[in-house]
Amino acid sequence: MTATLAADAAVEVRPAAPASAFKPIEADCITALRHRPKLLESRVEHFAATPCGARVADLFRRMSLAKGVGVSGKIPSRRPRTVAAAEVSARARPEHRKPRRDTDPAGVRGGAFPIVGIGMSAGGLEVAIAFLRAMPADSGMGFVFVQHLDPTHESMLADLLARATTMPVSRITDGMRVEPNRVYVIVPAKTLVIEHGLLRLTEPTEPRGQRHPIDAFFSALAMDRTTKAIAVILSGAGSNGTAGLQDIKQFGGMCIAQDPKTAKFDSMPRHAINSGAIDLVLTAEMMPDALRRYVDHSYVESPKPEVIATGPGAELGDVLALLRTRGGHDFGAYKPNTLSRRTHRRMSLAGVEQLDDYMAILDRTPGEVTALTRDLLINVTGFFRDPEAWDALDMEVITPLVEKVEPDQSIRAWVPACSTGEEAYTIAMLLHERGEAAGKRFGVKIFATDPAEHNLGRARKGEFPASMVESLPAGRLARFFDKGDDDYYRIKPKIRETVMFAPQNLLTDPPYSRMDLVSCRNLLIYLEPDAQERVLSLAHFALREGGYLFLGNAETIGQRGHLFSTVSKRWRIYRRAGPARSPTLDVRAWSLRDAPTASSKAAPKIAEIALRSLAERFAPASVLIDPNFHVLHFHGLTEDYLSQPAGAPTLDLLSLTREGLRLPVRGAVRKVIEGARSVTLRSNAKGGAKTDRVLVTASALGDARNASDLILVSFAKDQGAAPVKGLRRTPRAAALQGRAERSAERDFQEELNTTRDELRDTIEQFETTNEELTAANEEVTSINEELQSTNEELESSKEELQSLNEELNTVNSQLERKVAELEDAGDDLRNLLTGSEIATIFLDVRMRIKWFTPAVKSLFDLIDKDVGRPIGNFTQKFTNGGLVEKAQAAIDRLETSEEDILADTGQRYLLRVLPYRTGDNRIAGAVATFIDITDLKATQAQIADARDYAEAIVETIRDPLVVLTADLRVQSANAAFYALLEAGRAKTVGQRIYELGGGKWNIPQLRLLLEEMLPLQHQISDFEVELAAPRSERRWLTLNARRIEGGQNRPDLILLAMEDISARKDSSHHQDILIGELSHRVKNTLTVVQSLATQTLRRSPSLEVFGEAFQGRLQALGRAHDTIIEGNWRGIGLRDLVEQALKPFQSADRIAYRQSVDVELQPQLSLALTMILHELATNAVKYGALSGAVGQVVISWRLEGAGAAARVAFDWTERGGPVVKRPTHRGHGVNFVERSVAYDLNGEGKVEFAAEGVKAVMCFPLPTAGIFTPATVEESD
Amino acid sequence: MPKASSRLAGLRVLVVDDELLVALHIETLLEDLGCEVIGPVPTIEKALAVMRDEHLDGVLLDANLDGYSSAPVAADLRARGVPFVVVTGYGQLELASPALTDAPRLSKPFNDTEFEATLTAAFCADRRASTTIGQ
């Protein structure tokens, strides 16, 4: 994790750090640059020719940017782009350059108005159009579109964009000046940069496919416009633009990316966003507003600290305090200039001018705190980012380490949280550079760890986009990178091999140890205080004594001064302090500490005390060592032979041994190690202050039982100078010894010789050892190499395995889920099939049973174990079916078959055989289902019977029956209905009932019944209707209607049964009439009788007279009725009537009839006529022709007129009787006759009392239409 | 033997009956009650003619005139506001028209008391009212 304030670093060029890093001439250059920029202008070209020209150029660029130094002149370089950059940067602030100032109008100086650089690629056109559409034409900004273009094709981009905006759109030509409210479009096959407002087109130097036109332009724009540089990344493939954005951001401009969700190709915006440089992620339509907000902000015009430092309310200190409390990051060490400028920038993005307002935003928006913190840190990873800090590290740490390191030793460094490895590689490069400079060869081991595997993957590859590394000086670039085929640079193997990447979480995993350097930059700032504490403790643990800790600029060791001493406070370099602690020693001490403690526990015994006394008194001073000369125990007084050297306490016997004893000690011990049991050597040198020679005896301790490798080394004074066994003696030496005492010179000679021997011996040994060591070292190195490569392989294998494992985990979880789903589905299916009790059997293509439901057992003798056996082997418990053949047909020809089968149990099944289709539509067998249809069949039979039965009844019944549908159409009818309707079935079924029979059913009563009553009442009985049709007689019907509720499959039906009651109705009516008439006639007759009685009574002088007269009249009345009844209430012959009326009076033909025709009379005339004749006859008998013995009555009549005018003239003529005396008053009889003729017969009658006899003349009309009309109710109409 | 005390005395009453004997009987009864008998007439036509020409205080109407319903006469009487009593042998049976059925009815055969009561009820309500008004 590397976050640096690169731009600030560039501003603050410290004299010491860079100066020391360069050779004198370069230092000279720097000094000159700092104090006399103009002087250097003339020397740039000179420097450029030197090998360090690139570095000078780099330095120069930084200087000129920082101090506004303008330098002209070309600095050639191996990398033309660097030249361009240098050139641009040299002109970045032309106002400071006198020669230029005159030619540069003030209005177009860099930063005069904002320029928006828009980078896009695939899919960018439509977004660009949307952007321009939304962009007002008077924004005051200039727009430059940079795109990857096919160099061989003329671009239509400008034309297309011109349609989207009213701003003028120009294709860029070299030297074109950018003006506000205009749009500029890159032309193909050119590299575009901008220099103080002028667009420059150059021939691209990179081969096609490796060009970064967007990066190049953005970088140039950043330097030309600083805060007024706005970069917009639209849709596109690749990562072009991301590197340029870093520059934009560094120089204080703004970066916008199109929302990747809206981008056709989101690679470019995503890269940009992931780089952390993007301030806003917006859709094209939202960009203009954001741009306007930004350019209107005071920051853009004047990014000066005073703007916020002099605010009336809050001060920058408040912001920092807030960041400290909220984020735990102390930016106190940062320069206020930078902090306020960056804060001001954030304010511009937040759209507030007052720091108070911004404080409020910070206060309530945690995200803004993070964003501000990140901006202050500029979270950018890179090589040599924050170069001054690296220079400091180089000087304070790397150089001393390299100076101190022994050849063939290693310098170990650890970069926890290494991200994508730039920091680790940077350390490796520095070590390499220093090593080369010092001419030393030493090993470098840099452990770079990070919890994020994806980071490690990228780091291990060691490939970096060109835009990432192009900022490096050409020398370093060439020394440490190989240019790849694509636009990637690959770390050279020699650097790559020194860095080992491994996944490790600093907070949870064990740390590394014995490090010379731990670089832990900008990690602590993200951590809570207790985690910081842990990390620092771990760093302390990981570092060897005196090892260095390198932190980020915003980080300190805080209160942990006891762990670290400060090397450079400014650059956060610390050195491990505190108790010296060698892990190896610690381990040994730990392992040995138990032994003496254990033995001391035992109570000393007498024997042991004796032994110890004896040993102390007589035994020589001795030490017990292991084969590595490591002292385990001291015995006796060893101060004559051993002494603790200055420095750290040591237990190394060879270190402890006094001068002169080392050779015999080493020799003796080595011989013992080589197998000798005990070896004694005599020292040549004097031991310590004593002049005595010393005998050194080394003995192997332990026997076969406790075969330890312990060696006892004893020291004794050589008093007798006796030859010691095992001492190497030569004849020459013996002779010399014999003369020893004679001459001191001889002593010296001897000593010299001995020493010479020993020296030679030692040299031999040394050479041998050295050879051995060299071989061993080679071996170890190669083993180490192997191990390293193996380790690397393992790492990558592990990586692969982990990713494979991850994949497998994913696949496994998917499979588990799928299996669970399948199990569920299987359970569901099994339950379904079992629950449905449908016997189902699955067969494969070879007719073997795959599976069957329990219900199958009733049809086959199957048990569960029979799965897999051919179905043909089992006896089937049903008569027919041909299951196997059907299954074969299903498999071969995809035939589906159904058949009714009869099981032995008597049940009927529907056997259905279908092909078994797999999910991929393959036929993998057949499925046979046996559906129990026994009940179904029985029910069907019952239904059929019931239907036949019902139909028979319906057809047999004499009453008409008709079934109507809900919309009153005839569904069916019986024969009686057709008969009633007098129409056949064909003309009836399907017709609406109202249309039947010429519409005679279309009557209100029926409508009432069917449409209103039936829907409510369900059943209606004895509803009478009358049918009248033009051509047929009236019919009376009683209807019984019943609604038959339909089910789901059948709509409601209406059953209409009818009974023809016309005949009954007629006879009943006739009967009513007759009864009424009878009553009428009887009562009328009674009234007549009453009248007769009354009239008769009133005219009778006595009861006898009344009785006779009344009886006669009653009898006449009776005869009149006889006449009517005899005529059967119909016409009556006049002759019959008269004869009947006069029957009581007829004797000896005294009543004669003279008539020409008989006349048919209406019955109602008979009563009146009879009564008239009765009165005439009575009068004749009493007083007239019949009173004597000879008188005669002649009755005659004739018909006068014809038709309606026909009249009957009726004459009653008496003769031969006594002389008639005219009566004094007209009697009742005469009066009645005359009135009756007039009244009842509607005629005229006259009774004359002639002398020869009474003569009655009547004339009355003969009604021709004497229709019998009842008077009672017959019908309403 | 006219009953001078009868409230029907002096009324002009039309008798419509197709049977002379019955008509004579009614006539006799009316005369006994002091009524002035108009008619009797046997047919619808004659009855309508009399009704057109004469002032009538009441009508005795046979329901059945020579086989024809006397409904037209009843309707006309109703229209004229002349009270009438239907004389019929049909008893309480429904008659051919509401005009007949709804009118006061005198069932044949009838006695004097019944006759007087029915007629008094039918004819004298109006009269009394008119008398009262006249006074």
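See above for the structure.
Now for a quick tour of the structure. (Residues numbered from 1 in each chain as written. Chains lettered and ligands numbered in written order. Predicted model: local features only at pLDDT ≥ 70, side-chain atom pairs only at ≥ 80, totals over all residues. Heavy atoms only, no water.)

1. Regarding the overall build of chain B
Reasoning step 1: When helices and strands are counted, chain B shows 5 helices and 7 strands.
Reasoning step 2: Counted from the first residue to the last, chain B has its helices and strands arranged as β-α-β-α-β-β-β-α-β-α-β-α.
Reasoning step 3: In chain B, buried positions account for 56% of the 135 residues.
Reasoning step 4: Put simply, 65% of the contacts in chain B that link residues at least 6 apart link residues at least 24 apart.
Reasoning step 5: Counting only carbon and sulfur atoms, one obtains 52% of the accessible surface of chain B, whose full area is about 5,700 Å². (Helix = DSSP H or I, 4+ residues; strand = E, 2+ residues; numbered from the N terminus. Buried < 20%, exposed > 50% of the residue type's maximum accessible area, 1.4 Å probe, protein only. Contact = heavy atoms within 4.5 Å. Areas by Shrake-Rupley, 256 points an atom, 1.4 Å probe, with all protein chains shown as cover.)

2. Observations concerning the side chain of Lys249(A)
Reasoning step 1: The residue Lys249(A) is located in helix H11 (residues 242-250) in this model.
Reasoning step 2: Of the polar contacts made by the side chain of Lys249(A), one reaches the side chain of Asp279(A); its length is 3.5 Å. (Polar contact = N/O pair within 3.5 Å; in protein donor to acceptor, adjacent residues only side chain to side chain.)

3. Quick notes on the pairing of strand E23 (residues 678-682) of chain A
All names here are of chain A.
Reasoning step 1: Here E23 lies mainly inside the structure; 4 of its 5 residues are buried.
Reasoning step 2: Alignment of E23 against strand E24 (residues 694-700), held across 5 bridges, turns out to be antiparallel. When the bridges of E24 are listed, Val-679 appears paired with Ala-698. (Pairing = 2+ DSSP bridges.)

4. Topic: the interface of chain B and chain A
Reasoning step 1: Across the boundary between the two partners, chain B contributes 31 residues, which contact 29 residues of chain A.
Reasoning step 2: Counting each side, the surface lost to burial between chain B and chain A is near 2,800 Å², with a carbon and sulfur contribution of 56%.
Reasoning step 3: Of all residues in chain B, the largest losses of buried area upon contact with chain A belong to Leu20(B), Leu21(B) and Tyr90(B), amounting jointly to 26% of the total for that side.
Reasoning step 4: On inspection of chain B and its partner chain A, the count reaches 2 salt bridges.
Reasoning step 5: The closest approach of N and O atoms between Asp32(B) and Arg1098(A), which form a salt bridge, is 2.4 Å.
Reasoning step 6: Among the secondary structure elements, those contributing two or more residues to the side of chain B that touches chain A are helix H1 (20-32) and strand E2 (36-41) of chain B.
Reasoning step 7: When residues in the side of chain B that touches chain A are grouped by element, the largest group, 9 residues, is from H1(B). (Buried area = accessible area lost by both parts, 1.4 Å probe. Salt bridge = Lys/Arg side-chain N within 4 Å of Asp/Glu carboxyl O.)

5. Describing the sheet that holds strand E30 (residues 923-932) of chain A
All names here are of chain A.
Reasoning step 1: Overall, antiparallel pairing links the 5 strands, which are arranged E27-E26-E30-E29-E28 in an open sheet. Two strands close off the open sheet at either side, each with one partner strand: strand E27 (849-852) and strand E28 (897-902). Ignoring which end each strand starts from, the neighbouring axes of this sheet average 20° apart.
Reasoning step 2: Taken together, the 6 bridges between E28 and strand E29 (residues 908-917) define a ladder with antiparallel strand orientation. Bridge pairing in E29 places Ile-901 opposite Tyr-909.
Reasoning step 3: Docked against the sheet, helix H34 (residues 883-893) engages strand E26 (839-843), E28, E29 and E30, running at close to 30° with respect to E29. (Axes fitted to C-alpha atoms, helices over the stretch in contact; angles between N-to-C directions.)

6. Details of the packing of helix H42 (residues 1228-1240) of chain A against H1(B)
Reasoning step 1: Remark: H42(A) packs on H1(B), axes separated minimally by 10 Å, with the N-to-C direction vectors making an angle of 115°. Of the possible angle classes, the one that applies to H42(A) and H1(B) is roughly perpendicular. Across from Phe1232(A), Arg1235(A), Ser1236(A), Tyr1239(A) and Asp1240(A) in H42(A), the residues of H1(B) making contact are Leu20(B), Leu21(B), Ala23(B), Leu24(B) and Glu27(B).
Reasoning step 2: Grouping the amino acids of the contact of H42(A) with H1(B) by side-chain chemistry returns 6 nonpolar, 1 polar and 3 charged. (Parallel < 35°, antiparallel > 145°, perpendicular 65-115°, else oblique. Nonpolar A, V, L, I, M, F, W, Y, C, P; charged D, E, K, R; others polar.)

7. A word on the environment of Arg342(A)
Reasoning step 1: The topology assignment puts Arg342(A) in helix H17 (residues 336-350).
Reasoning step 2: Arg342(A) sits 33 residues away from Asp375(A) along the chain, and the two C-alpha atoms are 7.0 Å apart.

8. Looking at a negative patch on the surface
Residue and element names in this part refer to chain A.
Reasoning step 1: A cluster of acidic residues, Asp-1122, Glu-1126, Asp-1136, Asp-1158 and Glu-1160, forms a negative patch at the surface.
Reasoning step 2: Tracing the backbone shows Glu-1160 in strand E38 (residues 1160-1161).
Reasoning step 3: For Glu-1160, a relative accessible area of 52% translates into the label exposed. (Patch = residues over 30% accessible without salt bridge, like charges linked within 9 Å, V, L, I, M, F, W, Y side chains within 5 Å. Lys, Arg positive; Asp, Glu negative; His and termini not counted. Charge placed at Lys NZ, Arg CZ, Asp CG, Glu CD.)

9. Details of unusual backbone geometry
Reasoning step 1: Of note, the bond from Gly39(B) into Pro40(B) is cis; its omega dihedral lies within 30 degrees of zero at -5°.
Reasoning step 2: The residue Pro40(B) is located in strand E2 in this model.
Reasoning step 3: Look at the link from Lys108(B) to Pro109(B): it is a cis peptide, with omega at -15°.
Reasoning step 4: Residue Arg572(A) is not a glycine yet carries a positive backbone phi of 60°.

10. Things to note about the pattern of salt bridges
Oppositely charged side chains can form a pair if their charged atoms are brought close together.
All names here are of chain A.
Reasoning step 1: If you walk through the whole model with that rule in mind, you get 43 salt bridges over all chains.
Reasoning step 2: Where Asp-266 meets Arg-270, a salt bridge forms, and the shortest distance between an N and an O atom there is 2.8 Å.
Reasoning step 3: Accessibility expressed as a relative area gives 28% for Asp-266, which makes it partly exposed.
Reasoning step 4: Linking Asp-1211 and Arg-1198 is a salt bridge whose minimum nitrogen-to-oxygen distance equals 3.6 Å. With Asp-1211 in strand E40 (residues 1207-1215) and Arg-1198 in strand E39 (residues 1192-1200), this residue pair connects regions lying 13 residues apart in the sequence.
Reasoning step 5: For Asp-1211, a relative accessible area of 13% gives the class buried.
Reasoning step 6: Given the relative accessible area of 39%, Arg-1198 is considered partly exposed.
Reasoning step 7: The structure contains a network of salt bridges with shared partners spanning Asp-174, Glu-195 and Arg-200.

11. Quick look at helix H40 (residues 1134-1141) of chain A
Reasoning step 1: Every buried residue belonging to H40(A) is among Leu1134(A), Leu1137(A), Val1138(A), Gln1140(A) and Ala1141(A), and all of these are buried. The buried residues of H40(A) occupy an angular sector of 165° when the element is viewed end-on, so they sit on one face. (Arc of directions from axis to C-beta.)

12. Quick notes on the nonpolar core
Residue and element names in this part refer to chain A.
Reasoning step 1: If you look at the biggest cluster of nonpolar residues, it comprises 45 residues, and the most contacted ones within it are Phe-383, Leu-393, Tyr-425, Met-429, Ile-446, Phe-481 and Leu-517.
Reasoning step 2: Excluding its chain neighbours within four sequence positions, the residues that come into contact with Tyr-425 are Phe-383, Ala-459, Arg-460, Gly-462, Phe-464, Ile-491, Ile-495, Arg-496, Val-499 and Phe-501.
Reasoning step 3: Judged by nonpolar contacts, the second largest core, of 40 residues, contains Leu-1137, Trp-1212, Val-1237 and Val-1247. (Core = buried A, V, L, I, M, F, W, Y, C linked by side-chain atoms within 4.5 Å.)

13. Notes on the packing of H40(A) against helix H41 (residues 1164-1182) of chain A
Residues and elements named next belong to chain A.
Reasoning step 1: Across the interface, H40 lies against H41 with an axial gap of 9 Å and an inter-helix angle of 45°. When the interaxial angle is binned, H40 and H41 end up oblique. Note that H40 runs across H41; the crossing there is right-handed. Residue-level contacts link Leu-1134, Leu-1137, Val-1138 and Ala-1141 of H40 to Ser-1166, Leu-1169, Thr-1170 and Leu-1173 of H41.
Reasoning step 2: Classifying every residue of the contact of H40 with H41 by side-chain character gives 6 nonpolar, 2 polar and no charged. (Left-handed = near helix turned anticlockwise from the far one by under 90°.)

14. A closer look at the sheet that holds strand E2 (residues 142-147) of chain A
Residues and elements named next belong to chain A.
Reasoning step 1: Taken in spatial order, the 7 strands line up as E3-E5-E2-E1-E8-E9-E10 in an open sheet, and their pairing is parallel. Bordering the open sheet on either side are strand E3 (169-171) and strand E10 (280-282), each of which pairs with just one other strand. Each adjacent strand pair in this sheet contributes to an overall mean axis angle of 20°, direction not counted.
Reasoning step 2: As judged from the 5 bridges shared by strand E1 (residues 115-120) and strand E8 (residues 229-233), these two strands associate in the parallel manner.

15. Things to note about the packing of aromatic side chains
Residue and element names in this part refer to chain A.
Reasoning step 1: Under the defined criterion, the tally for this structure stands at 16 aromatic pairs over all chains.
Reasoning step 2: Where Trp-1197 meets Phe-1210, the ring centres are 5.8 Å apart and the plane angle is 5°; that geometry is what we call stacked. In this pair, Trp-1197 is assigned in strand E39 and Phe-1210 in strand E40, connecting sequence segments 13 residues apart. Summarising the burial analysis for this pair, Trp-1197 and Phe-1210 share the class buried. (Phe/Tyr/Trp six-rings, centres within 6.5 Å; stacked < 30°, edge-to-face > 60°.)

16. Let's talk about a nonpolar patch on the surface
Residues and elements named next belong to chain A.
Reasoning step 1: On the surface, Tyr-949, Ile-953 and Ile-957 cluster together into a nonpolar patch covering about 310 Å² of accessible area.
Reasoning step 2: Mapped onto the fold, Tyr-949 is located in helix H35 (residues 934-956).
Reasoning step 3: According to the relative accessible area criterion, Tyr-949 is exposed, its value standing at 59%.

17. Quick word on the pairing of E27(A)
All names here are of chain A.
Reasoning step 1: Pairing between E26 and E27: 3 bridges, direction antiparallel. Across the sheet, residue Leu-843 finds its bridge partner in E27, namely Ile-849.
Reasoning step 2: Remark: 5 residues form the turn of the hairpin made by E26 and E27, two consecutive strands paired antiparallel; Met-847 in that turn has positive phi of roughly 65°.

The values are spatial; any link to function lies outside them.
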